[in-house]
Amino acid sequence: GLRYGTPFVVAQKIGWGGLVFLLGRFLVVAVHETAHGLTMASFGRRVEKAGVKAIAIFPYAFVDTSEAWFEPRRRRIAVSAAGPVADFSLGALFSIVCLALPGGTVRDIVFQLAFAAYVGAFFNLNPFLERDGYHMLVDWLREPGLRRRARDQFARRLAGRPRTDDSPVLARYSIFGLVWSVLAAGFAIALTLRFEPVLSALTSPTVAHVVMGTLWAAFFLPVLVIVGRPLWERARGRVGA
């Protein structure tokens, strides 16, 4: 059929699938960072540092693009956009290869590579994490410190402490960020439900449900942190009054 494969599953093994996904992420990140560096170099700026570092014991490629801040706003946006463009390009390439291959282990591997590339693209374009999408938005809106300022204003207003100088730009960014987080969590939950039968067959229904429940809690944790604390402060203020 038209089904490509299952996330984190290669040759009916979750362990192999997870390993291939992690290796795929490393390779995609390497290309992603290279795209940043090449774009910056095309504007005549040097890459002072590049290499591999460890994040939570996992190797991670990086390129220092700090000199891009000396460039005009449009060029900074181009440098930031180069990484996600590379992610989407790799995802499209692997998807086409996956569609052309017959079923089997090789197609499972290529599917994991495509999945890793698309995960990276959407993660890096998320304008509510301090990644490429966020930096592009900051340059476009000309709002330095956008995330921190918006978060502080949103928490203060939700806690019942609005001010006359509150920024409508920060307010809209906060609301869009909350909506984005809820929609992203809902999409991720729908995806886990889509593949629940496969995970249950490869492990057990109990293990599959524990894994899914843990992922669901992780998906909604940012929403709870954003909304829960200021609402709690507001409730305490009312009780104290």
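Residues numbered from 1 in each chain as written. Predicted model: local features only at pLDDT ≥ 70, side-chain atom pairs only at ≥ 80, totals over all residues. Heavy atoms only, no water.

When helices and strands are counted, the protein shows eight helices and two strands. Residue burial in the protein is summarised as follows: out of 241 residues, 35% are buried. Intrachain contacts of the protein at a sequence separation of at least 6 include 64% that bridge at least 24 residues. Charge-centre separation for the protein: the mean point of 28 positive side chains lies 5 Å from the mean point of 16 negative side chains. (Helix = DSSP H or I, 4+ residues; strand = E, 2+ residues; numbered from the N terminus. Buried < 20%, exposed > 50% of the residue type's maximum accessible area, 1.4 Å probe, protein only. Contact = heavy atoms within 4.5 Å. Lys, Arg positive; Asp, Glu negative; His and termini not counted. Charge placed at Lys NZ, Arg CZ, Asp CG, Glu CD.)

This part covers the pattern of salt bridges. Tallied over the entire structure, the rule returns 10 salt bridges. For Arg 75, the salt bridge identified is with Glu 71, shortest N-O distance 3.0 Å. The class of Arg 75 is partly exposed, set by a relative accessible area of 35%. When its relative accessible area of 9% is taken as the criterion, Glu 71 is described as buried. Among the salt bridges present, the one from Arg 157 reaches Asp 166, with a minimum N-O distance of 3.7 Å. A single salt-bridge network, built from bridges that share partners, covers Arg 45, Glu 71 and Arg 75. (Salt bridge = Lys/Arg side-chain N within 4 Å of Asp/Glu carboxyl O.)

Under the defined criterion, the tally for this structure stands at eight aromatic pairs. Seen in terms of ring centroids, Phe 8 and Phe 21 are 5.0 Å apart; in terms of plane orientation they differ by 80°. Their pairing is edge-to-face. Note that Phe 8 is positioned in the segment before α1 (14–42) and Phe 21 in helix α1, a separation of 13 residues in sequence. Of the residues examined, Phe 8 reaches a relative accessible area of 37% and is grouped as partly exposed. The exposure class assigned to Phe 21 is buried, which follows from its relative accessible area of 11%. Taken together, Phe 8, Phe 21, Phe 111 and Phe 115 form an aromatic cluster joined through their ring pairs. When the ring centre of Phe 62 is taken as origin, the NZ or CZ atom of Lys 53, which lies over that ring, is 5.1 Å away. Stacked on the ring of Phe 195, the Lys or Arg Arg 194 has its end atom at 5.2 Å from the ring centre. (Phe/Tyr/Trp six-rings, centres within 6.5 Å; stacked < 30°, edge-to-face > 60°. Lys NZ or Arg CZ within 6 Å of the ring centre and 35° of its normal.)

Before going further, it helps to spend a moment on the nonpolar core. Core analysis: the biggest nonpolar cluster contains eight residues, these being Phe 128, Tyr 134, Leu 137, Val 138, Leu 146, Ala 150, Leu 170 and Tyr 173. Mapped onto this core, the elements with two or more residues apiece are α4 (132–141), α5 (146–158) and α6 (168–194). Beyond its immediate stretch of four places on either side in the chain, Phe 128 contacts Arg 147, Tyr 173, Phe 176, Gly 177 and Trp 180. (Core = buried A, V, L, I, M, F, W, Y, C linked by side-chain atoms within 4.5 Å.)

Once that is clear, we can look at the confidence of the model for the protein. Averaged over every residue, the pLDDT of the protein is 88; the share at 70 or more is 96%. Confidence, read as mean pLDDT per element, is least for strand β1 (residues 50–55) in the protein (81) and greatest for helix α2 (residues 73–100) (96). (pLDDT = per-residue confidence, 0-100.)

So, about the side chain of Thr 6. With respect to the element layout, Thr 6 can be found in the segment before α1. Residue classification places Thr 6 among the buried residues on the basis of a relative accessible area of 9%. Here Thr 6 is in contact with Phe 111, Gln 112, Phe 195 and Val 198, once residues within four sequence places are set aside.

This part takes up the packing of α1 against helix α3 (residues 105–125). With their axes 8 Å apart at the nearest point, α1 and α3 run at an angle of 50° to one another. The angle between α1 and α3 falls in the class oblique. In this structure, α1 crosses over α3, and the sense of that crossing is right-handed. On α3, the residues that touch Gly 17, Val 20, Phe 21, Gly 24, Arg 25, Val 28 and His 32 of α1 are Ile 109, Gln 112, Leu 113, Phe 115, Ala 116, Ala 117, Val 119, Gly 120 and Asn 124. (Axes fitted to C-alpha atoms, helices over the stretch in contact; angles between N-to-C directions. Parallel < 35°, antiparallel > 145°, perpendicular 65-115°, else oblique. Left-handed = near helix turned anticlockwise from the far one by under 90°.)

This next bit is on the environment of Pro 84. Mapping Pro 84 onto the fold places it in helix α2. Given the relative accessible area of 3%, Pro 84 is considered buried. Sequence separation of Pro 84 and Phe 123 is 39 residues, and the distance between their C-alpha atoms is 8.9 Å. For Pro 84, the residues in contact, after removing those within four places along its chain, are His 32, His 36, Ala 121, Asn 124, Leu 125 and Asp 132.

Where α2 meets α3, the closest approach of the two axes is 8 Å, and the angle between their N-to-C directions is 155°. Compared by their axis directions, α2 and α3 come out roughly antiparallel. As α2 packs across α3, the resulting crossing turns out to be left-handed. Only Arg 107, Val 110, Phe 111, Leu 113, Ala 114, Ala 117, Tyr 118, Gly 120, Ala 121, Phe 122, Asn 124 and Leu 125 of α3 make contact with α2, whose side of the interface consists of Pro 84, Asp 87, Phe 88, Leu 90, Gly 91, Ala 92, Phe 94, Ser 95, Val 97 and Cys 98. Of the residues that constitute the contact of α2 with α3, the class distribution is 16 nonpolar, four polar and two charged. (Nonpolar A, V, L, I, M, F, W, Y, C, P; charged D, E, K, R; others polar.)

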